[in-house]
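Summary of the model geometry
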Amino acid sequence: MQFILQPVAWLTILRFIIGVVFLLIGLPLFLVGVDMSVEKMGDLFSHYLIEHPKKVIAMIGIFGLGFISIIAEQNFVMVLSLGVGAMLTFGVY
């Protein structure tokens, strides 16, 4: 395609290949890190939630996490963030 449709400089192709190599190395490392940290944190949190007598405090924390994760995106609005926080809380309950 490079020779027929859209000629691209060899330096651009080299940069693309280097980016692909970094992607193939970095993505598995990122996924292993997520598996080692976030999954274990969710496991510990769920066991804590089941055993803790004051579940309301944990529910407020879950609502906060759901709210913050959506409100951080600039394209979303407050109502959507409130909905996601409420549905996460309801799902955990």
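Residues numbered from 1 in each chain as written. Predicted model: local features only at pLDDT ≥ 70, side-chain atom pairs only at ≥ 80, totals over all residues. Heavy atoms only, no water.

Across its full length, the protein chain holds three helices and zero strands. Here the C-alpha atoms of the protein chain give a radius of gyration of 22 Å, more than 25% beyond the 12 Å that 2.2 N^0.38 yields for 93 residues. Principal axes of the C-alpha set define a box for the protein chain whose edges measure 65 × 30 × 15 Å. Burial analysis of the protein chain (93 residues in total) assigns 13% to the buried set. Restricting the contact set of the protein chain to residue pairs at least 6 apart, pairs at least 24 apart contribute 23%. (Helix = DSSP H or I, 4+ residues; strand = E, 2+ residues; numbered from the N terminus. Rg over C-alpha atoms; globule rule 2.2 N^0.38 Å. Buried < 20%, exposed > 50% of the residue type's maximum accessible area, 1.4 Å probe, protein only. Contact = heavy atoms within 4.5 Å.)

Glancing now at the packing of helix α2 (residues 55–71) against helix α3 (residues 78–92). Helix packing for two helices is described by the angle between their axes and how far apart those axes are. At a closest axis distance of 7 Å, the pairing of α2 and α3 adopts a crossing angle of 145°. Pair α2 / α3 crosses with right-handed handedness. For the pair α2 and α3, contact is made by Met-59, Ile-62, Phe-63, Gly-66, Phe-67, Ile-70 and Ile-71 and by Met-78, Leu-80, Ser-81, Leu-82, Val-84, Gly-85, Ala-86, Leu-88, Thr-89 and Val-92, respectively. Across the contact of α2 with α3, the residue classes break down as 13 nonpolar, four polar and no charged. (Axes fitted to C-alpha atoms, helices over the stretch in contact; angles between N-to-C directions. Left-handed = near helix turned anticlockwise from the far one by under 90°. Nonpolar A, V, L, I, M, F, W, Y, C, P; charged D, E, K, R; others polar.)

For the rest of this paragraph, the subject is α3. Here α3 spans 21 Å end to end across 15 residues, near enough to the 21 Å set by a 1.5 Å rise per residue. Among all positions in α3, only Ser-81, Gly-85 and Thr-89 are buried. Looking down the long axis of α3, one finds its buried residues gathered within 65° of arc, a one-sided arrangement. Residues of α3 that are exposed and point over 90 degrees away from its buried face: Val-79, Met-87, Phe-90 and Gly-91. Next to the buried residues of α3 lie α2. (Expected span 1.5 Å × (residues − 1). Arc of directions from axis to C-beta.)

Attention now goes to the packing of helix α1 (residues 10–51) against α2. Two elements in contact, α1 and α2, have axes whose closest approach is 9 Å; the angle formed by their N-to-C orientations is 145°. You can see that α1 and α2 cross each other, and the crossing is left-handed. On α2, the residues that touch Phe-45, Leu-49 and Ile-50 of α1 are Lys-55, Ala-58 and Ile-62. Of the residues belonging to the contact of α1 with α2, the class tally is five nonpolar, no polar and one charged.

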